[in-house]
Every structure is written in structure tokens, then in C-alpha cells.
Amino acid sequence: MEMIKTKTYDEMSKKGCSLLINKMQHLENPVLGLATGSTPEGLYAELIKKNQQHEVSFQNVSTFNLDEYVGLEKTDPNSYRYYMNQKLFKHIDIDSKNAHVPNGMAGDLQKECRDYEQLIREAKGADVQILGLGLNGHIGFNEPGTPFSSRTHVVELDESTRKANARFFTSINHVPTKAVTMGIETIMESKSIILFVSGEGKAEAVARLMNGDVSEAFPASILQKHEHVTIIGDEAALGKV
Ligand code: F6R
């Protein structure tokens, strides 16, 4: 695993953005895996800037988001589709039909999972997967105990994850209990991965991801087995590795 340490969150976002653009420039039709949450917000703001300055185009890019809550409309400000539209898609020149987020409102969620996998397969997997890291080691919404062999599936969210995400909702009771997430095997099939981490609160989790046992009890530990992972983070998050 390659590690890039930056002084600040801002610097992490800018360096991460350059790294991503550099990878995209070597590809004819880049396929990106995208994450939501607080950590990649700065990256998306940078990508918007670079797109508007014509340093990168998304016209030939397809994206696949990692996850979506079950039961939130795409117009709900807490849905990940809404987040992506607001924080990235509506500001860049991507063709909206190429910007995929699982549909957490699908009547048949199992079919939604199968269809999402199929779309990813047809795109030949992500060239670059952007990841954040949950305090309990989750990647996407693959909570501890998720089999490493999992593909896109419906998950029951951990109480700790619901608590961590309650900051975006009026109360924890409004945080959905389920989500659709890409599986760990789906994520591991990405050709390269950039994991973003920021803040002291993540330091313990980053250390365990890099130096702990590879175990389903800590899903992100599987990244030790991937050949092309870059962990980019600020000093606070990388303080314990
Ligand atoms: C979001 C996702 C999650 C987050 C993780 C960290 O699409 O897949 O795994 O990356 O929960 O979230 P933040 O960045 O808010 O700390």
C-alpha cells in the first residue's frame, strides 16, 4: 500500500484530486467508483474546479457509487443520490445516464443489487475506486462480519454507523436501518483504489487497516491484499501508522 501524508484536509483533497485526474488522463473511458460522506467533499469541490477550468472532462466517464440508503427518495437531502447531484454531478460535464447510484427505493431490492452488479460488470469494473473509511472498518456499507466474497447486497446498518451518520439527520430515529452497498469482492475487483482519511478520529482505524490482521471483523483490512491501493490522509489521520 502506498501512503501519502498531507498536512491538512485541504492539501489531502488537492493532492488526491491530482492523483485521480492523472489516472483518468491515461484512460479513454474512465470508470470511477465513488463514495459519499464528509471525507470526499473536498475532493469533489476540487474536481468541479478542475472541470470548470477544462483540466479534466467527464464526458467519457462513468461512475458507480458505493452505496445508498434504503427508503430515501432521490430528492431527500440525506439520500446519496442527492448528495452526489449537489456535490458533484450537477456541476460537471458528466452525462447523467452514466452517473450510477444504487436505487434504495427499488420495489425489488434483490433485483436492484443484481442489476447494479451487472452494470458494473458491463463497464468492466472500476478503474479507480474512491473510498472513505468507517470507524468500525467498514468500506462502502460493508459492516464488520461481511464476507470478503460479497457482491452488491442489502445490509442492516450497524448501530455505530447509524450513530456516526445521525449528524446529518434530525435524529437517529430518522437514520435508515438498511442500505444497498457494493460488496467487498466488487470493490476489490477495482483496478486501483484511493482511500481518503482525515482527522484524529480515524487514526486508530487507519492503523488497524494497515497493520492489523486481515479479517472480516475489520472489512477494510482486506485492502492489504489489493495490489494498487493508495491511502491519502492528513497527519491527524495517519498519526498512528
Ligand atoms: C459512503 C461510504 C462510507 C464512508 C464512511 C466514512 O459512501 O461508503 O463507507 O466512506 O462511512 O464516512 P465519512 O467520510 O463521513 O467519515
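What you see is a predicted model; the values in this text were computed from it and never measured. (Residues numbered from 1 in each chain as written. Predicted model: local features only at pLDDT ≥ 70, side-chain atom pairs only at ≥ 80, totals over all residues. Heavy atoms only, no water.)

Give a detailed account of the pairing of strand 7 (residues 153-156), specifying residues and quantitative values.
Across the two faces of strand 7 the burial differs, with His153 and Val155 buried and Val154 and Glu156 not buried at all. The pairing of strand 7 with strand 8 (residues 178-181) spans four bridges and is antiparallel. Of the residues in strand 8, the one forming a bridge with Val154 is Val180. (Buried < 20%, exposed > 50% of the residue type's maximum accessible area, 1.4 Å probe, protein only. Helix = DSSP H or I, 4+ residues; strand = E, 2+ residues; numbered from the N terminus. Pairing = 2+ DSSP bridges.)

Which residues make up the sheet that holds strand 2 (residues 31-34), and what values go with them?
Strand pairing in a sheet takes place through backbone hydrogen bonds and is either antiparallel or parallel in direction. Reading across the sheet, the seven strands line up as 1-10-9-6-2-3-5 and stay open at both edges, with parallel pairing between neighbours. Two strands lie at the open edges of the sheet, namely strand 1 (2-6) and strand 5 (99-100), each paired on one side alone. As paired elements, strand 2 and strand 6 (residues 128-131) share two bridges and run parallel to each other. Looking at strand 6, one finds that Leu32 is bridged to Val128.

Could you give an account of the site of the ligand, with specific residues and numbers?
Looking at the ligand, there are 14 residues lining it, with Thr39, Asp67, His138, Gly140 and Lys202 nearest. One nitrogen or oxygen atom from the side chain of Thr39 is found 2.4 Å from an oxygen atom belonging to the ligand. Gly140 is positioned such that a nitrogen or oxygen atom in its backbone is 2.7 Å from an oxygen atom of the ligand. The protein chains hide 92% of the 410 Å² of surface that the ligand would expose on its own. (Near = heavy atom within 4 Å. Polar contact = N/O pair within 3.5 Å; in protein donor to acceptor, adjacent residues only side chain to side chain. Areas by Shrake-Rupley, 256 points an atom, 1.4 Å probe, with all protein chains shown as cover.)

Describe the pattern of salt bridges, naming the residues involved and giving the relevant values.
Pairing is possible between side chains that carry opposite charge, provided their charged atoms lie close to one another. Summed over the entire model, instances satisfying the criterion amount to 15 salt bridges. When the shortest N-O distance is used, the salt bridge between Lys111 and Asp115 registers 2.8 Å. Of this pair, Lys111 and Asp115 both sit in helix 4 (residues 109-122), four residues apart, which is roughly one turn of that helix. Judged by its relative accessible area of 40%, Lys111 is partly exposed. We classify Asp115 as partly exposed; its relative accessible area is 33%. Here Arg162 makes a salt bridge to Glu159, at a shortest N to O gap of 3.4 Å. Taken together, the residues Arg162 and Glu159, both in helix 5 (residues 159-165) and three residues apart, mark about one turn of the helix. Owing to a relative accessible area of 46%, Glu159 belongs among the partly exposed residues under this scheme. A single salt-bridge network, built from bridges that share partners, covers Glu117, Arg121, Arg151, Glu185 and Glu189. (Salt bridge = Lys/Arg side-chain N within 4 Å of Asp/Glu carboxyl O.)

Before we move on, could you go through the packing of aromatic side chains and cite the residues and values that matter?
Two aromatic rings are characterised by how far apart their centres lie and by the angle between their planes. Tallying each qualifying case throughout the model produces six aromatic pairs. The interplanar angle of 80 degrees and the centroid separation of 6.5 Å between the aromatic rings of Tyr44 and Tyr83 together place this pair among those described as edge-to-face. Of this pair, Tyr44 sits in helix 2 (residues 41-52) while Tyr83 is found in helix 3 (residues 80-87), placing the two residues 39 residues apart along the sequence. The class of Tyr44 is buried, set by a relative accessible area of 0%. Residue classification places Tyr83 among the buried positions, given a relative accessible area of 10%. Grouped by ring-pair contacts, the aromatic residues Tyr69, Tyr80, Phe141 and Phe169 constitute a single cluster. (Phe/Tyr/Trp six-rings, centres within 6.5 Å; stacked < 30°, edge-to-face > 60°.)

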